[in-house]
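Now for the letters of each chain:
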Amino acid sequence: MNITPRLKRRYRADRRFKFYGMAAIAFALSFLAFFFIDIIGKAMPAFEQAYIEVPVTYSAAVKDNYNKAIPREYRYLVSKSYLRTLPYELEAHPELLGKTKQRWALASHRVDQYIKGHQGHGLKKKYRSHVTAMYDDGHIEMRFNARFFSHGDSKMAENAGILAAAIGSILVLLITIAVAVPIGVMTAVYLEEFAPDNRFTQAIEVNINNLAAIPSILYGLLGLAIFINVMGVPRSSALAGGLTLALMTLPVIIISTRAALRSVPESIRDAAYGLGASNLQVVMHHVLPLAFPGILTGSIIGLAQAMGETAPLLIVGMMAYIPEAPGSILDATTVLPAQVYTWSSESIRAFEERTAAGILVLLTVLLSLNGFAVWLRSRTQKTW
Amino acid sequence: MKKTSLFACAAVAATCMGMTAAQAADAIQIVGSSTVYPFSSYTAEALGTTTKFKTPVVESTGSGGGMKLFCAGAGMDTPDFTNASRRMKLKEFQKCQRNGVKEVTEMVVGYDGIAIAQSKTSPSIALSRHDLMLAVAAEVPSKDGSHLIDNPYSFWDQINSKLPHRAIRIYGPPASSGTRDAFEDMILKHLTKHIDTYTKLYKADKKKNKAYKKYHKIRQDGVYIPSGENDNLIVQKLARDTQALGIFGYSYLEENSDSIAPAIIDGVIPTPETISGHTYPLSRSLYFYIKKVHIGKVKGMMAYANLFMSDKMVGKDGECTEIGLISLPEADLAHYRANLKSLKNLTAADFAKK
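Residues numbered from 1 in each chain as written. Chains lettered and ligands numbered in written order. Predicted model: local features only at pLDDT ≥ 70, side-chain atom pairs only at ≥ 80, totals over all residues. Heavy atoms only, no water.

### Looking at the overall build of chain B
Helix and strand counts for chain B come out as 16 helices and 13 strands. Structurally, chain B occupies a C-alpha span of about 75 × 55 × 45 Å along its principal axes. Across the 354 residues of chain B, 55% fall into the buried class. Here the contacts in chain B between residues at least 6 apart in sequence split such that 72% fall between residues at least 24 apart. Approximately 15400 Å² of chain B is accessible, and the part contributed by carbon and sulfur atoms is 57%. Averaged over its 45 positive side-chain charges, chain B has a centre that lies 7 Å from the centre of its 35 negative ones. (Helix = DSSP H or I, 4+ residues; strand = E, 2+ residues; numbered from the N terminus. Buried < 20%, exposed > 50% of the residue type's maximum accessible area, 1.4 Å probe, protein only. Contact = heavy atoms within 4.5 Å. Areas by Shrake-Rupley, 256 points an atom, 1.4 Å probe, with all protein chains shown as cover. Lys, Arg positive; Asp, Glu negative; His and termini not counted. Charge placed at Lys NZ, Arg CZ, Asp CG, Glu CD.)

Encoded structure:
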């Protein structure tokens, strides 16, 4: 019998399979590359912002109507958010009264978009040549958009920033950690190490596994019903959001913790028992420390998921216009993904680049969280 | 492990603190229509930056969702204002009354037009409301008008021979949206309540055929494509799909005038003048409602309402008009300002008038 043709066929099948696998990966990577190039390309302009040099007159009338501080032909070009600070400046520096100074002011989003050459900038025709001339003369400058990182949301695109949402996200995440991690880990330890194996605990197990798979919006409804309607947690607050996300993250943490506990070799428990350790001592002194890297990784991945979540937060009222960073966990706040969503539905075109920039910030945070998880695992992992 | 138990204690403590200190309502809470949201939040920002009051929290829940929250009760955890892109319904008013929200003041801040638009590259199209009704209704009268048939039209020239041979494809808001409500009101109900083919069915059996009194069902065979609450998505689709029409708020048309152009409806193009003058048929008033029992308990409520109704915001050259609001005529504005000053109560009789 000649086996060469069959051998050749088997080799070919081998190579084909390898090729399919690589093609699948290349396909997925090309999507990822497309996404990143698209987002980064759209987001880059948001990190630059136009500033305009205008004469500001600190007259008494400015206290009541900030628009009067600058000549009519510049009013449309300067951001309202800058003009609104003038009465305060005058109050703080009364010696300015009656003087006219050249000031660098934040330019309105229409000027900004016009200079960036974006379609749909909406700058009125009569201002265009004026703005171009000012730019050529150096009275309009592009600067790094530090406001984006130091300010909260605003309805004026040029003034809108990510800070309030970022602080909100951190607060929400801290509450989620404080609630979900201890409860999740303790549940898993009990189920894995102490609970008797009977119908009841089996039913709980099945339910936890199912909970990990239900759509996240249902947790939002649950959060609304329990935390807001029954317990009276203020709507839109970081506490309401954090508790809701904790509910959502619990099953993930429980499942990954149990997997980590299970991967601790039985011989370690046996050795500890053999030396006369109690159940609690075995778990606390030996099993938990060894399972720690696994628990940590699982928790971080669960929390990263929670951080990118919007659906349940929509239900508890966090998808709102909240420009101020929260001072406490009871204050109304918004979170990064919610901020991205709100910007994406704005009609003003300058928000488009800010949406992309927001996505970039969110992605950076998520990637560094995941990177942290990978690093922790590789650092603390034990092999037997 | 000590760390973990410490965490647990912290969590429990935080939760308990939350319970006792809750309800310290200091910022104004506003809910309601996504159409009024841009103007409402703009005013909120102005209030926050120019006065000592905290910036109100403005949530975009849709008109119906806002009414539900607003009318849920008079407690301090309920919203202080609700925005709406249509008037409060009698049913909602009664719900408010039942739940203890007895005194409500109604305000109109301005108008919004609903634009029917298409890609700028397509040849302009002029439609009547009747054409549009026949294009989107689920059931339409047969050619002889004797009975209703499932909507058979897939090209505009089948509806009206004067129209071009162009596929009917309309991207519009989903059923939960206030814009959709308004569209159904102004295009479908407005016409079908006067068309015998529908109303005779209702007269024949008032209970079973209640839907035919003011028929407003939109077809679901893929010609009308519900496209989510995000109007930017519809704008993007129109730029690519040159055959299609889209339905969205006027401010999106204004902001995207480089890529999309309005259709002419009943001979009129939407502009700020035609919308506020009611010659453009698809214009609607934008409302907000004040929960009077909260005034005095929540700081800054009157300051917000006064600012929102001021010339600086919603007057002819007000800041809100720069972001797409169409301002009320002087006389109407004065009327509502007087109502705001006296905090005139909304009564059941107000609903009978219209």
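Picking up after the structure, the text goes on.
### A closer look at the overall build of chain A
Counting secondary structure elements, chain A contains 16 helices and four strands. Taking 21 Å as the expected radius of gyration for a compact globule of 384 residues, we find that chain A reaches 29 Å, considerably beyond that expectation. Based on the C-alpha atoms only, the size of chain A along its principal axes is roughly 90 × 70 × 35 Å. A burial count over chain A gives 48% of its 384 residues as buried. Taking as baseline every contact in chain A between residues at least 6 positions apart, the subset at least 24 positions apart corresponds to 76%. In the form shown here, chain A has an accessible surface area of approximately 19000 Å², with 63% of it arising from carbon and sulfur atoms. For chain A, the centre of its 37 positive side-chain charges and the centre of its 27 negative side-chain charges are spaced 9 Å apart. (Rg over C-alpha atoms; globule rule 2.2 N^0.38 Å.)

### Some points on the pairing of strand 10 (residues 245-249) of chain B
Regular strands place their side chains on alternate faces of the sheet. Residue and element names in this part refer to chain B. Of all five residues making up strand 10, five are buried, and the element is well covered by its neighbours. The sheet contact formed by strand 8 (residues 170-172) and strand 10 spans two bridges and is parallel. Bridge pairing in strand 10 places Tyr171 opposite Gly246. (Pairing = 2+ DSSP bridges.)

### Quick look at the domain arrangement of chain B
All names here are of chain B. Per the domain assignment, the segments of chain B are domain 1 (28-111 + 285-353) and domain 2 (113-283). If you average the C-alpha positions of domain 1 and of domain 2, the two centres end up 29 Å apart. Taken together, the contact between domain 1 and domain 2 spans 10 residues of the former and 12 residues of the latter. Here domain 1 and domain 2 share an interface that buries about 840 Å² over both sides, 55% of which is from carbon and sulfur atoms. Between the two partners, domain 1 and domain 2, sit one salt bridge. Note that Arg86 and Asp181 form a salt bridge whose closest N and O atoms lie 3.7 Å from each other. There are one residue pair in polar contact (both at pLDDT 80 or more) connecting domain 1 and domain 2. (Domains from an automatic or database assignment. Buried area = accessible area lost by both parts, 1.4 Å probe. Salt bridge = Lys/Arg side-chain N within 4 Å of Asp/Glu carboxyl O. Polar contact = N/O pair within 3.5 Å; in protein donor to acceptor, adjacent residues only side chain to side chain.)

### Concerning the pattern of salt bridges
Residue and element names in this part refer to chain A. Summed over the entire model, instances satisfying the criterion amount to 27 salt bridges over all chains. Glu266 is the partner of Arg269 in a salt bridge, and the nearest nitrogen-oxygen pair spans 3.2 Å. Here Arg269 and its partner Glu266 are both found in helix 12 (residues 266-274), three residues apart, which amounts to about one turn of the helix. A single salt-bridge network, built from bridges that share partners, covers Glu192, Glu205, Arg258 and Arg262.

### Some details on the packing of helix 8 (residues 163-194) of chain A against helix 11 (residues 238-262) of chain A
Two elements in contact, helix 8 of chain A and helix 11 of chain A, have axes whose closest approach is 6 Å; the angle formed by their N-to-C orientations is 35 degrees. When you trace helix 8 of chain A past helix 11 of chain A, the crossing you get is right-handed. (Axes fitted to C-alpha atoms, helices over the stretch in contact; angles between N-to-C directions. Left-handed = near helix turned anticlockwise from the far one by under 90°.)

### Some remarks on the packing of aromatic side chains
In the structure shown here, the tally under the stated rule is 20 aromatic pairs over all chains. With 5.2 Å between their ring centres and 45 degrees between their planes, B:Phe93 and B:Phe351 make a pair best called tilted. A residue pair is termed long-range when its members are at least 10 positions apart, and B:Phe93 in helix 4 (residues 90-98) and B:Phe351 in helix 16 (residues 348-353) qualify at 258 residues. The buried category is assigned to B:Phe351, whose relative accessible area is 13%. Following the ring pairs from residue to residue traces out a cluster consisting of A:Phe47, A:Phe144, A:Phe148, A:Phe149, A:Trp343 and A:Phe351. For the cation-ring pair, A:Arg143 lies above A:Tyr51, with the distance from its terminal atom to the ring centre recorded as 4.7 Å. A cation sits over an aromatic face here: A:Lys155 above A:Tyr321, 5.6 Å from the ring centre. (Phe/Tyr/Trp six-rings, centres within 6.5 Å; stacked < 30°, edge-to-face > 60°. Lys NZ or Arg CZ within 6 Å of the ring centre and 35° of its normal.)

### Considering a positive patch on the surface
All names here are of chain B. On the surface, Lys89, Lys91, Lys193, Lys203, Lys206, Lys210, Lys213 and Lys214 cluster together to form a positively charged patch. The topology assignment puts Lys210 in the loop between helix 8 (196-204) and strand 9 (224-226). The class for Lys210 is exposed, based on a relative accessible area of 61%. (Patch = residues over 30% accessible without salt bridge, like charges linked within 9 Å, V, L, I, M, F, W, Y side chains within 5 Å.)

### What to know about the domain arrangement of chain A
Frequently, the measure chosen for interface size is the accessible area removed from exposure when the parts meet. Residues and elements named next belong to chain A. Splitting chain A by domain gives domain 1 (4-44), domain 2 (47-159) and domain 3 (163-380). Here domain 1 and domain 3 have C-alpha centroids that lie 33 Å from each other. Each partner contributes to the interface: domain 1 provides six residues, whereas domain 3 provides six residues. Three residues, Ile39, Lys42 and Ala43, lead the burial of domain 1 against domain 3; their summed loss comes to 66% of the area buried on that side. Counting the contacts that link domain 1 with domain 3 gives zero salt bridges. Its residues placed into classes, the side of domain 1 that touches domain 3 shows five nonpolar, no polar and one charged. (Nonpolar A, V, L, I, M, F, W, Y, C, P; charged D, E, K, R; others polar.)

### With respect to helix 9 (residues 199-211) of chain A
Compared with the 18 Å implied by 1.5 Å per residue over 13 residues, the 18 Å span of helix 9 of chain A between its first and last C-alpha is a close match. The opening residue of helix 9 of chain A, the one whose side-chain oxygen lies 3.1 Å from the backbone nitrogen of A:Phe200, is A:Asn198. (Expected span 1.5 Å × (residues − 1).)

### Concerning the confidence of the model for chain B
Residues and elements named next belong to chain B. Averaged over all residues, the pLDDT of chain B is 85; the fraction at 70 or higher stands at 92%. With pLDDT under 50 throughout, residues 1-24 is counted as low confidence; its partners more than four residues away or in other chains account for 22 contacts. Interface confidence for the predicted complex, given as ipTM, is 0.80, next to a pTM of 0.81. (pLDDT = per-residue confidence, 0-100.)

### Notes on the environment of B:Ser146
Residues and elements named next belong to chain B. As for its position among the elements, Ser146 is in the loop between strand 6 (139-141) and strand 7 (148-150). Sequence separation of Ser146 and Asp196 is 50 residues, and the distance between their C-alpha atoms is 8.9 Å. A distance of 2.8 Å separates the side chain of Ser146 from the side chain of His147, its partner in a polar contact.

### Re the sheet that holds strand 1 (residues 48-57) of chain A
Residues and elements named next belong to chain A. Pairing is antiparallel across the open sheet formed by three strands, whose spatial order is 2-1-3. Two strands lie at the open edges of the sheet, namely strand 2 (100-106) and strand 3 (140-144), each paired on one side alone. On average, adjacent strands in this sheet sit at an angle of 35 degrees to one another, irrespective of strand direction.

### What about the interface of chain B and chain A?
Contacts between chain B and chain A engage 42 residues on the former and 45 residues on the latter. Buried area between chain B and chain A, both sides added, is near 3800 Å², and the carbon and sulfur share of it is 54%. For the pair chain B and chain A, the number of links is five salt bridges. Across the pair A:Arg110 and B:Glu255 runs a salt bridge whose closest N-O atoms are separated by 3.1 Å.

### What to know about the pairing of strand 4 (residues 104-119) of chain B
Residue and element names in this part refer to chain B. Most of strand 4 sits inside the fold, with 16 of its 16 residues counted as buried. Pairing between strand 4 and strand 13 (residues 283-291): nine bridges, direction antiparallel. Paired with Tyr111 across the two strands is Ser285, which belongs to strand 13. The pairing of strand 4 with strand 10 spans four bridges and is classified as antiparallel. Along strand 10, the bridge assignment pairs Ile116 with Ile247.

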